[in-house]
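Structure assessment
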Amino acid sequence: MIGERMLEALNRQINEELYSSYLYLSMSAWFESIGLKGFANWMKVQAREELGHAMKFYDYILARGGKVQLQEIKAPPHEWNSPLHAFEETLKHEKHITECINKLVEIAEEEKDRATFNMLQWFVDEQVEEEANDEEIITKLRMIEGSKNGIFMLDRELAQRKYVEEVK
Ligand code: OFO
């Protein structure tokens, strides 16, 4: 059984992950609306990954005999100034998620909840990867700033991303 404090924090994280999914789906729709289908694909894949993150917390709570309590998901923004702006906002959001995960780790330590502490290690690693992916794309976007051809090439590259279920 998970302690009350840990359970509440894990339930909050389900909401954070569902919001991440919502945010990236909104970005995907925006990229689609400005004709960048490759960027839209990348964001749609990311939205599915985030849903997978929410489900990891959901499944974990149930496996530990806890109660899942889904909360309202806030509306994400609907437009951004440029592809670079969208990815800067993505990185900012991922840094916030990293803080959330670190906070969960702290709670698990304080509550001496070894099982939750272990489960969270996957997310600690995942956040390193997520921030690095965003930084890589931001670097490319800064290099090609103002170049339509550059955006077109990057769009082709991002169109290659495929959804792969992230297994533990
Ligand atoms: Fe983007 O890692 Fe979950 O939220």
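Look up a bit, the structure's there.
If you're wondering where the values come from, they're calculated on a predicted model, not measured in any experiment. For every chain, the first residue of the written sequence is number 1, and numbering continues from 1 along that sequence. Owing to the predicted nature of the model, reporting of local features is limited to residues with pLDDT of at least 70; listing and counting of side-chain atom pairs is limited to 80 or more, with chain, interface and lining totals taken over all residues. Where side-chain values are given, they derive from all heavy atoms of the structure, hydrogens and water being excluded.

**Focus: the packing of helix α1 (residues 4-33) against helix α3 (residues 83-110)**
The criterion, for reference: Lines fitted to C-alpha atoms define the axes, with helix axes restricted to the stretch in contact, and inter-axis angles between N-to-C directions lie between 0 and 180 degrees. A run of H or I in DSSP becomes a helix once it reaches four residues, and a run of E becomes a strand once it reaches two; helices and strands are each numbered from the N terminus. Small angles under 35 degrees read as roughly parallel and large ones over 145 as roughly antiparallel, with 65 to 115 read as roughly perpendicular and the rest as oblique. Under the grouping applied here, Gly and all other residues not named as nonpolar or charged are polar, the nonpolar ones being Ala, Val, Leu, Ile, Met, Phe, Trp, Tyr, Cys and Pro and the charged ones Asp, Glu, Lys and Arg.
Relative orientation of the contacting elements α1 and α3 amounts to 170 degrees, with a least axis distance of 11 Å. As far as their axial angle goes, α3 and α1 are roughly antiparallel. Each residue belonging to the contact of α1 with α3 can be placed in one class, and the counts come to 18 nonpolar, five polar and six charged.

**Focus on the pattern of salt bridges**
Going by this rule: Salt bridges are defined by distance alone: a side-chain nitrogen of Lys or Arg within 4 Å of a carboxyl oxygen of Asp or Glu. Three exposure classes are used, based on accessible area relative to the maximum for each residue type with a 1.4 Å probe and protein chains only: buried under 20%, partly exposed in between, and exposed over 50%.
Throughout the structure, instances matching the rule amount to eleven salt bridges. One salt bridge in this structure joins Arg 5 and Glu 111, with 2.9 Å as the shortest N-O distance. With Arg 5 in helix α1 and Glu 111 in the loop between α3 and α4 (114-143), this residue pair connects regions lying 106 residues apart in the sequence. According to the relative accessible area criterion, Arg 5 is partly exposed, its value standing at 36%. Linking Glu 32 and Lys 37 is a salt bridge whose minimum nitrogen-to-oxygen distance equals 2.5 Å. A single salt-bridge network, built from bridges that share partners, covers Arg 5, Glu 110 and Glu 111.

**Things to note about the packing of aromatic side chains**
Rules: Whether two aromatic rings pair depends on their centres lying within 6.5 Å, for rings of Phe, Tyr and Trp, where Trp uses its six-membered ring; planes under 30 degrees apart make the pair stacked, over 60 edge-to-face, and the rest tilted.
Evaluated as defined, the whole model comprises eight aromatic pairs. For the ring pair Phe 39 and Phe 87, a centre distance of 6.2 Å and an interplane angle of 65 degrees mean the geometry is edge-to-face. Pair noted here: Phe 39 is in helix α2 (residues 37-63) and Phe 87 is in helix α3, with a separation of 48 residues, a long-range link. As far as the burial class goes, Phe 39 and Phe 87 line up, both buried.

**Thoughts on the nonpolar core**
Rules: Only buried residues count toward a nonpolar core, which is a set of Ala, Val, Leu, Ile, Met, Phe, Trp, Tyr and Cys residues joined through side-chain atoms within 4.5 Å. We call two residues contacting when some pair of their heavy atoms lies within 4.5 Å.
Of all hydrophobic cores here, the largest spans 23 residues; its most connected members are Met 27, Phe 31, Phe 39, Met 43, Phe 87 and Leu 141. Of all elements in the fold, only α1, α2, α3, α4 and α5 (148-158) reach the threshold of two or more residues within this core. Tallying contributions element by element places α1 first for this core, with six residues. Aside from chain neighbours lying at most four places away, what touches Phe 31 is Leu 36, Phe 39, Ala 40, Met 43, Pro 83, Ala 86 and Phe 87. The next biggest cluster of nonpolar side chains, apart from the first, holds 21 residues, and it includes Ile 2, Ala 9, Leu 120 and Trp 122.

**Structural notes on α3**
Which entries qualify depends on this criterion: Here the expected length of a helix is defined as 1.5 Å per residue gap, with one fewer gap than residues.
For α3, spanning 28 residues, the distance from its first C-alpha to its last is 41 Å, which sits close to the expected 40 Å at 1.5 Å a residue. The positive-phi residue at the C-terminal boundary of α3 is Lys 112, with phi of around 55 degrees.

**A closer look at the side chain of His 53**
Within the secondary structure, His 53 is located in helix α2. Looking at His 53, the relative accessible area reads 1%, which means it is buried.

The values are spatial; any link to function lies outside them.
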